[in-house]
Structures are given as C-alpha cells and as structure tokens.
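For reference, the chains in residue letters:
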Amino acid sequence: MSTEYTMEEVAKHNVQGDLWIVIDGDVYNLSKFGKFHPGGHSVLRPYAGKDASEAFWGLHRIEVLTKYQNLKIGRVKGGKTSIVATYDPTDVCKVPYTEISYFQGFRSPYWDDSMLAVRKYVAEFREKELRPICEMYEKDGKYPTVELYKKMGQAGILAARLGPGPWMKDLKAMGIPVVGNLEPEKYNYFHEWMVHAEIVRCGTPAFIGGLGDGLVIGLPPVMHFGKGELQKRVIKEVLTGEKRICLAISEPFAGSDVANLQTTAKKSPCGKYYIVNGAKKWITNGAFSDYFVTAVRTGGKGMFGISMLLIPRCEGLKTTQIPVSYSSCAGTSYVTFEDVKVPVENLLGRQNQGFRIVMYNFNHERWGINVFIQTGMRGMVEECFKWATQRKAFGKPLISQPVVRFKLAGMIARTEATQNWLENMTYQMNQMPFEEMSIKLAGPLALLKYHMTRMAWDIADDATQLLGGRGITRSGMGRGVEAYLRTIKMGAILGGSEEIMADLGVRQAMRGFPKSAKM
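Everything numeric here is computed off the predicted structure, so don't read it as measured data.

**Q** Residue-level account of the sheet that holds strand β4 (residues 26-29), with values.
**A** Read across the open sheet, the five strands follow the order β1-β5-β4-β3-β2; overall the sheet is mixed. If you trace the sheet from one side to the other, it starts and ends with β1 (4-5) and β2 (14-15), each paired once. For β1 and strand β5 (residues 72-76), the ladder comprises two bridges, and the chain directions are parallel. Across the sheet, E4 pairs through a bridge with R75, a residue of β5.

Right, here's the structure in full:
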C-alpha cells in the first residue's frame, strides 16, 4: 500500500536538494531530478512543497508521468484518484468525438463488438512492441527490422492489413492467427480498418509507413493475379514477415500518368525471361524490400502495353533512399533496373493487361489512405480537445474562449462527415465481389480521398493554430500536431493526387450519366 502524507508534510520539502511536489494527489520526490530536467532547478523551485498539478498539465503529456513513476513516493491523504493509476492507452478514449461513435455508446449498423475486440488486440500489440521504439526509429530514420516484421506476422497483423479474402482460411496452416480470435470467414473491412487505425495511433508517420505500407499495396496483386507455387511461396514469406514487398509503379516521368510509364520488359531470345530496364521513384518500403511488384511496358504505347511483374531483389536491381517530408524509416526509395532478368513465370495476370491490375489495386490502396487520414483527424481532435481543457491562457482554460470552441467545432464536423462517407464505402466493399467493387467504387473512393485530404489539411491548420508554438515543435505537447502538419500532404499525393482524384471521380460518374437526363 502506498505511503500517505499530509500537504503539511509535503510542504516541509521545499528547497533544492530536498524537493517534493504533488501531481494529482501523488507525491513525487524531485530532490535529485533538477539536474536532469530540461529547465533545471529553477523551473522546479516555485512548486517545491506544493501541488503542481495545474502547472504540470499545462506543460506536459501524460507519458511524462508514466515514464517517471520511479520518482513517486506516496499519496496525499484524501487526495483524488491519480490519473496515471487508471490510465490505459489501449482503452477507448472517453473524450467526445475522439473515437468512432459506436465505441462511445452510440448505435451503428456497421460496427459491433468484434471490431472492438480487434481494436484491443492490435492496441495491446502496439503498446508492447511498437510504442517503446517508434519515436526512436522515427528520429533516427532506422528501418523496421525483419524481427519486428516477424512479430507482426506471428500476431496476424500483417495478414489482417490485407482485408478479407480466401487467404484468411490459409493462415492456420501457416501458423498465423486471425486478429481478435475471429473466424476467418467473419473477418471484414471494418476489422481491417481497426488494424490500420490502431497502428496509426503510434503517431509517428514514417515509422508507421515502414511497418508494411508496401505490403498493403504490393501483395494484393500477387494474391489476386499470381500463379501456382510462386504465389503460395511469396504469400507465406510475406505474411510471416520473413520477406518484405513493395509496389513499384511511379516513375520520374510518370506519377499519376500510369499509362505512359517508361520502364521496359522485353523477352530474352530464349523466351524464358523478361529483361527489365528503367527506374521507379517514391517507392514506399523499397529501400528494404525483397520483392518489387512492378509495372512495366511489354507492348506499345498507352495502357494496353503494360504488364505487372513480381521482381525479386537481384543483380541489376538497385535501391537508393529518397529524403522526403517525413523520416527515412519508411524506406522511400529510387529503384533502378539494369538488364534485370525476371522469369516469365513471375508475370502477374496476362501480358499487356497489367493496367487493369494497377487500377483494381488502387481502390484498396485509396481506401486504406482514407482510413489512415481519418484516424489522424480523430487524433487531432483528441490532441486539441485535451489541450484546450488543460492549457490556461489569460487566467482561464483555452476552451472558455469562443474562438477555440469554434475551431474545435469545425474539426469535429469535418471528422464526423468524412467518417460517415468512409463507413458507407467500407460497407459497399463488404457487400460487393472483387470485380464489382473494382468497377463501381473507383470513382466514389477517389472523390472521398480528394475530400478527405482537403478536410485533413483544414484540420491540420486549425490544430496548429490552437497549439501555437508547440504546434511547430517536434517534441513535447505539440509533437503529434507538428508531425501531422508536416506529413499530411503525403496523403494528398500518394495513391493519386487530389486533382487526379477529383477528375477521376467525375469522369467515372459521367459513364453512368443517363442520356435522357435534362433540366
């Protein structure tokens, strides 16, 4: 049982070298801590022997208290329950609008407790395996290790990030569980949503990207269009974390303009190989991947001359790290192919029909980007709501200012509106077979991505204004907002730029426009 002190006893320890403070009823001995504090002894002295709760929460995140629990020596008699004592980062947050409404007690036709179970499962993995290292990796630019990938594979998280499909029934034979102890046939895209969302809550954008963004967009073409033993072997290697995979489409001269890519693949004289030459750029996870699902030109100009090849890392294939807005630990790379020999058996689908594979693959990729962004939007609502209630300015909490509440209202409205559109798209994905989904949802998902990234940019702007100087500081109270502001434009570019998304959405709608429709 914790030792109890009166405030009178605490007050006696009020000088440098013998300094106690109280935070939320807990007594901390900071007598030797001054030399380790970034502000030194002078910051601590005004609160020596006193309750420093208000000052602490105006300057620090809860992780600081959890980090220094070794300095806690007891409790104040009759003090309120300590926040740290009840804090569990895997629990559903009770701050309004910071979670999917079903998790906060609202009704939903889409969500149920099985999604909550998946949320808890992944959150526990995150806190045990990812949280202790994510900030260090983000700062140092270190690539996630094969060992970490294997842990994710053994936990079923890599497989879960690919959504429902016939492969879920094969996981048991690979020794891989279904997250949340679900039956394979009951796993759906709402469960996948939860898996992505709980990884995003690490709050370290590049580290998150390094944890398998390449897999999410690179393995589906192998699953849907691969053949025979090669398909089986690669799927198992990647889902267990033994090998890493990425998608290589964008080029220095062809980003959104996929139909005009220039990397070539020509048959060898013996007919057993494709000889690949060219370059790819901005390839997520490319720096450390073992396989490259690559769009190449095997025919004439335009979309009908494109094929997809599964290319292993081999002689003639070189990757170079590209410095981008976020840390290098996502492995964003420049990939060159110089006379790379690829067995013809590594062709995915049919020759010169790869453009269809690329387009079909975009739907799941863009849906996933929407999930990532939506989760980040809720994260910003949480950061700003908490900040506005615990930070004081001009003698009162920020939340008491109408302009602050107005900004929060806008952030909440954008978040809830995009959430509902995304839920509808996710429901459609659950109901439609792959072919129908690939055709019908291309336009709506593109429009959603366009709208989502626009709303996210507005939220990033408001969040930064609310946090002030902390919103542009990479550490401390504003680190989450700063990272969000610095990297949110990635979502507006990756998977198709906003302008391309908007145009695609309207062009797809035009295809179904009835000729008889008149004003």
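**Q** Can you break down the environment of R126 residue by residue, with the values?
**A** With respect to the helices and strands, the residue R126 is situated in helix α6 (residues 113-140). Through-space distance from the C-alpha of R126 to that of P89 is 9.7 Å; in sequence the pair is 37 residues apart. R126 has contacts with P89, T90, R131, P132, E198, R201 and C202, leaving out every residue within four places of it along the chain. Engagement of the side chain of R126 in a polar contact is seen with the backbone oxygen of P89, the distance being 3.1 Å. At a separation of 2.8 Å, a polar atom in the side chain of R126 contacts the side chain of E127.

**Q** Got a sec to walk through the environment of S289? Specific residues and values, please.
**A** Tracing the sequence through the fold places S289 in the loop between β8 (273-283) and β9 (291-297). Sequence spacing of S289 and G331 is 42 residues, and the spatial spacing of their C-alpha atoms is 8.7 Å. The residues touching S289, leaving out its near neighbours within four places in the chain, are R244, I245, C246 and R313. Within the structure, S289 has its side chain in polar contact with the backbone oxygen of N285 (distance 2.8 Å).

**Q** Tell me what's going on with the pairing of strand β10 (residues 306-312), and back it up with residues and numbers.
**A** β10 sits mainly inside the fold: six of its seven residues count as buried. As paired strands, β9 and β10 are joined by seven bridges and run antiparallel to one another. Within β10, the residue paired with A295 across the bridge is M308. Of the strand pairs in this sheet, β10 and strand β13 (residues 347-348) are connected by two bridges, and their pairing is antiparallel.

Rules and cut-offs
- Residues numbered from 1 in each chain as written.
- Predicted model: local features only at pLDDT ≥ 70, side-chain atom pairs only at ≥ 80, totals over all residues.
- Heavy atoms only, no water.
- Pairing = 2+ DSSP bridges.
- Helix = DSSP H or I, 4+ residues; strand = E, 2+ residues; numbered from the N terminus.
- Contact = heavy atoms within 4.5 Å.
- Polar contact = N/O pair within 3.5 Å; in protein donor to acceptor, adjacent residues only side chain to side chain.
- Buried < 20%, exposed > 50% of the residue type's maximum accessible area, 1.4 Å probe, protein only.

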